[in-house]
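The primary structure of each chain is shown beneath.
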Amino acid sequence: KVRVEQGVFSTLALSQGQRKRLALLTAYLEDRPFYVFDEWAADQDPLFKKIFYTQLLPELKGRGKTVLVITHDDAYFYMADRCIKLEDGKLRHEWPRDAKSHARA
């Protein structure tokens, strides 16, 4: 659907989810040391959302990357090393990785 032609993408006429996947691919190719994903999975289909949380994020961590994920996807909180929960702009909860105690916090 998209090609790189003379250093630019052939089209950006993509869905929101497709644009986010293209941005993710670009970030991977740039091999950044720090990644920030702000509600990245919100526009993804359920299968790709699962792949993002259970395969792509752990792969980045395994490559020594720092990854900050801002999400409402509480089904995947257990994947985090550390969770910080904000409510009304205030810190409400903070915990280290402990899947049993906060998998559905």
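Cut-offs and rules
- Residues numbered from 1 in each chain as written.
- Predicted model: local features only at pLDDT ≥ 70, side-chain atom pairs only at ≥ 80, totals over all residues.
- Heavy atoms only, no water.
- Core = buried A, V, L, I, M, F, W, Y, C linked by side-chain atoms within 4.5 Å.
- Buried < 20%, exposed > 50% of the residue type's maximum accessible area, 1.4 Å probe, protein only.
- Helix = DSSP H or I, 4+ residues; strand = E, 2+ residues; numbered from the N terminus.
- Contact = heavy atoms within 4.5 Å.
- 1 Å grid on protein atoms, 1.4 Å probe; cavity = no way out; pocket = protein on both sides within 12 Å on 5 of 7 lines; lining within 4 Å.
- Points joined across faces, edges and corners; volume = space filled by probe spheres on them.
- Nonpolar A, V, L, I, M, F, W, Y, C, P; charged D, E, K, R; others polar.

Engineer: What is the right way to look at the nonpolar core in this model?
Structural biologist: Most often, soluble globular proteins keep nonpolar side chains buried together rather than apart. Of all hydrophobic cores here, the largest spans twelve residues; its members are L24, A27, Y28, Y35, F37, W40, A41, F52, Y53, L57, L60 and Y76. Mapped onto this core, the elements with two or more residues apiece are α1 (16-30), β3 (34-38) and α2 (46-62). Looking at this core element by element, the count peaks at four residues for α2. Setting aside residues up to four positions removed in sequence, L57 forms contacts with F37, F52, V67 and V69.

Engineer: Before we go on, may I ask you to explain the layout of surface pockets in this structure?
Structural biologist: Remark: the empty space left among the atoms is shown by a probe the size of a water molecule rolled over them. Estimates place the volume of the largest pocket at around 970 Å³. Contributing to the lining of the largest pocket are 26 residues, with V69, I70, A80, R82 and C83 lying nearest its centre. Looking at the lining of the largest pocket, the elements that each hand over two or more residues are α2, β4 (66-70) and β5 (82-87). For the lining of the largest pocket, the element with the highest residue contribution is β5, accounting for five residues. For the lining of the largest pocket, the residue count by class is 16 nonpolar, two polar and eight charged. In this structure, the second largest pocket occupies an estimated 170 Å³ of space.

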